Amino acid sequence: RSHPEIYPLVLTVKTQEIFHCRAEDDVTDEQPYKLINKETFFEDFKNRGAISDFYPVKKIIQEYPGDELLLVYDKDFKYGLNFYLIGTEEGKENYLNPPEVPEEQEEQKEHISEEVYVYKPLVSKPWVSLGSEKEIEEESVKESTKQIKYMISRKRSKFGAPIKFSDQNASNVKDAYIECTSYPDKNFTLKQLEKDVGMQVVPQIKDTSTQTKWTYPKNATTQYYPREFSEEEKEAFKQSKPLADFLDNMSVSVEIALQQNEITNTFIDDWKCLAEEEGTFGDKTDTYLKEYQSFTDLHSPTEKMITCVSWHPTIFGLIAVSVAERLSFEERVQFSGKLLLQPSLILFWSFSDPIHPQLMLESPDDIFCFQFCPSDPNIIAGGCINGQVILWDITAHADRIENIKSGGSRSKKATLKPMFILEPESNKEAMYIRHCAVSSIENGHKKVITDIHWLSDTFEVNRMGSVFENRNGICCQLITCSADCTICFWDIRPQKISTPQPTEKKKEESIEIPFDVPSTFLHLDLSWKPLSKVRLSKGETSLDHCPTKVSLNEEHLLYKTQDKALAQSKAAKAGEMNPYQNLEGGIGDHLKPIDDFCTKFFVGTEEGELIYTDWKMERDPETGRLMTKKPVSLYTVHDGAVHTVQRSPFYNDIILTVGGWNVAIWKENVTIGPLLQSCCAPKRYTSGHWSLTRPGVFYIGREDGFVDIWDLLEKTHEPALSQNICITVITYIKPWTLSSKQQFIAIADYYGTLHILEIPWTLSHPSTNEISSVNHYFEREVKHLEYVEQRKSIREQEKKEMELEKEKKKVKTYQKSKEQIEAEMKIDYDSYLELEKTVLMNLGLDKVIEKMGVMTV
Amino acid sequence: MVNLGSPPAPRRSKGADRLGTSLPGSRAVPGRGEEVEETLKRIQSHKGVIGNMVVNAEGIPIRTTLDNSTTVQYAGLLHQLTMKARSTVRDIDPQNDLTFLRIRSKKHEIMVAPDKEYLLIVIQNPCE
């Protein structure tokens, strides 16, 4: 730069406006400069600070000696920018008054420079400060503070000497440490003046908490009784008006509600009631009994018939059958010698083995009826043809029959070989079991025992026939009826022996008892006497009723379950074994008599009568002896011996009797007659039994081997179904339920074969409400009978009335006719007189008329 | 002046006062006590009715046809239930009130007729 005092500047339009040096407006070609006061610059600096365009030359302006500075508009950009400032007075003067010489010099210089370039060595000129050293000065770093000098001196001997360090707690010595404790500096405490918080309106809530003091658990009990009114207060209430008004008001609505319920049950689901039970097992159309199995004893040398059948109460598939000789009385007498050698048996058949019976119970003579003891199926009581009662105890063989498995191999062998090859030893499985005890021959029945029953374990009977509670919890009494017209009660417990006589008797008759016979009933053997005898006498005549079957009332008492459990546990504790082993403990206890126990029962007789009688004995006032009461009622409906008297398993007071050629159904305490009496069937009925699951169904066996199945809901005048089972007389029918899906019926025939048939679904499953329907039927029948009775009495009355009427009529006509006759006579007489008069007149006999007239008066 | 005294107070007729009739041979109007008995007997004679009872506002039985322990149990429980039912009805609509409560169970139907002071409870077996 040839002119160091020139400071080129860029001036923005704004600056130009402020300084009034707008290009082309304020500064033009004629006057391209402007003189600006220093103060203006300072103001600009104050206003705009660093952004002022003159800031780079601020120092120049500040040091400028004069007051006004020259600002020149550099249109041609001679010095690079559009304005320049002259920084010195001289410069200013030069510009304003430019000397001519420099101009000429410049012209000359230009000329000269064109011609010759002369080297001129550089001459150092004195440095002209342009302000750069100020920048450097500003940028350079200088020590602002004076440096401190420390001089530390020490004795030379101490250098390198061993040093001993020791610990010192800083807090002990004062000023040993300098602490910078924290302090709340107000500069840094920020006070939050605004805070964003969300709010919600909630209902007033209250929080409380407690802490319970827990010491230790203690048992606490509360005993209370309800508040009650005394009788006087209740009476007072009865008389009060509010109560009467209340009842008057409320009884209306209550009665409406009660009647609503009587009219209809609104909660019945009719849809559900329409449907029968869930899907049937098996074919619904199948109504026939299906043959399942049949058992025959192939080893018996003579022809046998089956007299009684009983299913084992607990073991599945085990059935016991009593067989007897198929001989008439004369034949029995004839062959009596032969018969003695052959044992009479009760055979136990199992489903798994149709050829070999599992057990064979021996008895001295043919058994005509037997029954398993309900409380212990190992005790069996049977009635013999000679009037003895037989007892068996098969406890020892119980495990044999319990674990019967189907012996396939055995039966295969057996079926191939014909009968005569089979030796008796080959059936090792069947064992002969001797009877345990038999009753005394003199004191028992004299003729065949036709029915035997165990008495329920809820009661006991004594000699008088009075009923007591049974503390043993087991069945210990039997009832038998026999063709010698007596019904006996037996007790299997040892009687209290008052006289030593029986023991001597026992000694005499002590027979060697085989070792394998259990001694359960040893006390009874051959000396067993009945507890009491009930004779069914017909009154004055010596002929008595001959009972064939007995049916007892099986109504269970309202025995408190605790007592029963107690009794059973007592019995169990008594010996910790089978209560039947220890029967002596039962007798002698003071037993509580049971009041209002129905001691009446039904008896069917050989003559076809059904007797309803009482077993309680009464004392004859004249002789002082115990006598049986007279029967309550007697009905003769059957034409032959009654062989079935059975109570329905569903209704305790409905009894089925079968005998001769017809069937009758009775209701206890309905004395008018049977509810149903069928008409005579074409063939004799020989056996019968109620169905165990359907209340309206019963099975009747006929003498031609047919089974008639009656369904009271279907038809009551004839059987619903008739099916042929075998070719001979059916002697016994016994159905049994093995499971909910299987029901079997055992049918025994005269030729000794036992047929087991399966009862189809339709016959074994009751429809819904069958019990109530059949109940309704019976009730209707009862009502019908009562109506008939009523009608009978009404008819009687009507008859009487009619006769009275007749009598009355007769009398009346008689009276009437008498008067009429008199009147008629009088009229006749009058008319005769008239006639006489006229005749006499005609004859001219007037005198006579007068005479006549006088006479008549 | 004879002091006649106050006229006799009108006798409040109570059923107990009419024990005997003044005129022989005339049949007395049934006293209140008998009316009460008659009403309850009439209700009892409906088909299927097992028992009935009248209970006061506190749940103490006044009259009953069942035995004591059963009565006390029914009275206590049904009284509480009726109170609850009534309060429920009134909570929903304070203008409303409970008129009749019928509880149907598998075996019976229990009908409760509530009042301000008493409850009439009838137990019926509706089906056959």
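Residues numbered from 1 in each chain as written. Chains lettered and ligands numbered in written order. Predicted model: local features only at pLDDT ≥ 70, side-chain atom pairs only at ≥ 80, totals over all residues. Heavy atoms only, no water.

Draft legend 1. Highlighting the overall build of chain B. The number of helices and strands found in chain B is two helices and five strands. Overall, chain B shows an N-to-C arrangement of helices and strands of α-β-β-α-β-β-β. Residues counted as buried form 36% of the 128 residues belonging to chain B. Within chain B, residue pairs in contact and separated by at least 24 positions form 35% of the contacts whose partners lie at least 6 positions apart. When the accessible area of chain B is evaluated, it comes to approximately 8500 Å², of which 54% is carbon and sulfur surface. (Helix = DSSP H or I, 4+ residues; strand = E, 2+ residues; numbered from the N terminus. Buried < 20%, exposed > 50% of the residue type's maximum accessible area, 1.4 Å probe, protein only. Contact = heavy atoms within 4.5 Å. Areas by Shrake-Rupley, 256 points an atom, 1.4 Å probe, with all protein chains shown as cover.)

Draft legend 2. A look at the overall build of chain A. The number of helices and strands found in chain A is 18 helices and 37 strands. The buried share of chain A, reckoned over its 857 residues, is 38%. Of the roughly 56300 Å² of accessible surface on chain A, a fraction of 54% belongs to carbon and sulfur atoms.

Draft legend 3. Quick look at the packing of helix α8 (residues 241-263) of chain A against helix α1 (residues 32-44) of chain B. The geometry of α8 of chain A relative to α1 of chain B is characterised by a closest axis approach of 10 Å and an angle of 15° between their N-to-C directions. In terms of axis orientation, α8 of chain A runs roughly parallel to α1 of chain B. For the pair α8 of chain A and α1 of chain B, the sense of crossing is left-handed. In this structure, α8 of chain A uses Lys241, Leu243, Ala244, Leu247, Asp248, Ser251, Val254, Glu255 and Leu258 of chain A to contact α1 of chain B, whose residues at the interface are Arg32, Glu35, Val36, Thr39, Leu40, Arg42 and Ile43 of chain B. Of the residues belonging to the contact of α8 of chain A with α1 of chain B, the class tally is eight nonpolar, two polar and six charged. (Axes fitted to C-alpha atoms, helices over the stretch in contact; angles between N-to-C directions. Parallel < 35°, antiparallel > 145°, perpendicular 65-115°, else oblique. Left-handed = near helix turned anticlockwise from the far one by under 90°. Nonpolar A, V, L, I, M, F, W, Y, C, P; charged D, E, K, R; others polar.)

Draft legend 4. Representation of the nonpolar core within the structure. Formed by 22 residues in total, the largest nonpolar core has its most connected members in Phe246, Leu247, Val254 and Leu258 of chain A together with Val54, Leu120 and Val122 of chain B. Where this core is concerned, the elements lending two or more residues are α8 of chain A together with α1, β1 (49-56), β4 (109-114) and β5 (118-124) of chain B. Per-element tally for this core: the top contributor is α8 of chain A, with eight residues. Setting aside anything within four residues of it in sequence, one finds leucine 120 of chain B in contact with Phe246, Leu247, Met250 and Val254 of chain A together with Leu40, Ile43, Met53, Val54, Met111, Val112 and Ala113 of chain B. Counting 21 residues, the second largest nonpolar core, distinct from the first, contains Leu712, Val774, Tyr777 and Val782 of chain A. (Core = buried A, V, L, I, M, F, W, Y, C linked by side-chain atoms within 4.5 Å.)

Draft legend 5. Structural context of the pattern of salt bridges. All names here are of chain A. Under the definition given, this model contains 21 salt bridges over all chains. With a closest N to O distance of 2.9 Å, aspartate 366 and arginine 332 form a salt bridge. Separated by 34 residues along the polypeptide, aspartate 366 in the loop between β9 (359-363) and β10 (367-372) and arginine 332 in helix α10 (residues 329-334) bring together distant segments of the chain. Using a relative accessible area of 3% as the deciding quantity, one classes aspartate 366 as buried. Classification of arginine 332 as buried rests on a relative accessible area of 14%. Of the charged contacts, one joins arginine 647 and glutamate 668 as a salt bridge, the two residues approaching to 2.7 Å between their closest N and O atoms. Taken as a pair, arginine 647 in strand β27 (residues 642-647) and glutamate 668 in the loop between β29 (662-667) and β30 (676-677) lie far apart in primary sequence, 21 residues in all. Residue classification places glutamate 668 among the buried positions, given a relative accessible area of 6%. (Salt bridge = Lys/Arg side-chain N within 4 Å of Asp/Glu carboxyl O.)

Draft legend 6. Fine view of the confidence of the model for chain A. On average, residues of chain A carry a pLDDT of 78, and 82% of them reach 70 or more. In the predicted structure, residues 406-428 of chain A sits below a pLDDT of 50 and forms twelve contacts with residues beyond four places in sequence or in another chain. (pLDDT = per-residue confidence, 0-100.)

Draft legend 7. Summary view of the interface of chain A and chain B. Across the contact, 29 residues belong to chain A and 39 residues belong to chain B. Contact between chain A and chain B buries roughly 3300 Å² in total, counting both sides, with carbon and sulfur atoms accounting for 62%. Summed over the shared surface of chain A and chain B, the number is three salt bridges. The salt bridge involving arginine 227 of chain A is made with glutamate 58 of chain B; its shortest N-O contact spans 3.4 Å. Inspection of the region where chain A meets chain B yields twelve residue pairs in polar contact (both at pLDDT 80 or more). Contributions of two or more residues to the side of chain A that touches chain B are made by α7 (231-239) and α8 of chain A. The element contributing the most residues to the side of chain A that touches chain B is α8 of chain A, with 18 residues. Here the side of chain A that touches chain B is composed, by residue class, of 13 nonpolar, eight polar and eight charged. (Buried area = accessible area lost by both parts, 1.4 Å probe. Polar contact = N/O pair within 3.5 Å; in protein donor to acceptor, adjacent residues only side chain to side chain.)

Draft legend 8. Local environment of the state of the cysteines. All names here are of chain A. Following the criterion strictly, the structure yields zero disulfides over all chains and no others. Sulfur of cysteine 373: no disulfide; nearest cysteine sulfur belongs to cysteine 475 and is 4.6 Å away. A relative accessible area of 0% means that cysteine 373 is categorised as buried. (Disulfide = S-S within 2.5 Å.)

Draft legend 9. A look at the sheet that holds strand β36 (residues 743-749) of chain A. Residues and elements named next belong to chain A. Strand order in this open sheet of four strands is β5-β37-β36-β35, and the pairing throughout is antiparallel. Each edge of the sheet is formed by a strand with only one pairing partner; in this case those strands are β5 (290-296) and β35 (730-737). Pairwise comparison of adjacent strand axes, ignoring direction, gives a mean angle of 20° for this sheet. Strand direction decides the pairing type here: β36 and strand β37 (residues 753-758), joined by five bridges, are antiparallel. Residue phenylalanine 744 lies in a different strand from β37, and its bridge partner there is glutamate 758. (Pairing = 2+ DSSP bridges.)

Draft legend 10. Layout of the pairing of β1 of chain B. Residues and elements named next belong to chain B. β1 sits mainly inside the fold: seven of its eight residues count as buried. Two strands pair when backbone bridges link them, and β1 and strand β2 (residues 61-64) are joined in this way by three bridges, in the antiparallel orientation. Across the sheet, valine 54 pairs through a bridge with arginine 63, a residue of β2. Between β1 and β2, which follow one another and run antiparallel, lie four residues, and glycine 59 among them has a positive phi close to 90°.

Draft legend 11. Quick look at helix α2 (residues 38-48) of chain A. All names here are of chain A. The complete set of buried residues in α2 reads Lys38, Phe41, Asp44, Phe45 and Arg48. Projected down its long axis, α2 shows its buried positions confined to an angular sector of 120°, all on one face. In α2, the exposed positions that point more than 90 degrees away from the buried face belong to Glu39, Glu43, Lys46 and Asn47. Taken together, the buried residues of α2 touch α1 (13-18), β2 (33-37), α3 (58-63), β3 (68-73) and β4 (83-86). Phi for glycine 49, located one or two positions after α2, is positive at around 65°. (Arc of directions from axis to C-beta.)

Draft legend 12. Here's a closer look at the environment of lysine 47 of chain B. All names here are of chain B. With respect to the helices and strands, lysine 47 occurs in the loop between α1 and β1. We classify lysine 47 as partly exposed; its relative accessible area is 48%. C-alpha of lysine 47 to C-alpha of cysteine 127: the two residues are 80 residues apart in sequence and 9.9 Å apart in space.

Draft legend 13. Up close: the environment of aspartate 44 of chain A. Residue and element names in this part refer to chain A. You can see aspartate 44 is positioned in helix α2. Sequence separation between aspartate 44 and phenylalanine 54 is ten residues, and the spatial gap between their C-alpha atoms is 8.5 Å. Once residues lying within four places of it in the same chain are set aside, the contact partners of aspartate 44 are Ile18, Phe19, Gly49, Ser52 and Phe54.

Draft legend 14. Structural view of the sheet that holds strand β1 (residues 6-9) of chain A. All names here are of chain A. Spatial strand order, β1-β4-β3-β2: four strands in an open sheet with antiparallel pairing. Each of the sheet's edge strands pairs with one partner strand only, and the pair in question is β1 and β2. Mean inter-strand twist for the sheet, computed between neighbouring axes without regard to direction, equals 30°. Lying over the sheet, α2 contacts β2, β3 and β4, oriented at roughly 75° with respect to β2. Along the sheet, helix α4 (residues 89-96) makes contact with β2, β3 and β4, crossing β3 at roughly 50°.

Draft legend 15. Structural detail: the pairing of β37 of chain A. All names here are of chain A. Burial runs high along β37: six of the six residues are buried. Along β37, one buried face is formed by Thr753, His755 and Leu757 and the opposite face, lined by Leu754, Ile756 and Glu758, is buried too. Sheet topology places β5 next to β37; six bridges connect them, and they run antiparallel. Pairing of serine 294 across the sheet is with histidine 755, part of β37. A loop of three residues connects β36 with β37, the two strands running antiparallel in sequence, and glycine 752 in this loop sits at a positive phi of about 90°.

Draft legend 16. Geometry of unusual backbone geometry. Residue and element names in this part refer to chain A. In this structure, cysteine 485 is a non-glycine residue whose phi angle is positive, near 65°. Counting through the fold element by element, cysteine 485 comes out in the loop between β18 (477-482) and β19 (486-491). Exposure remark for cysteine 485: the relative accessible area of 12% places this residue in the buried category.

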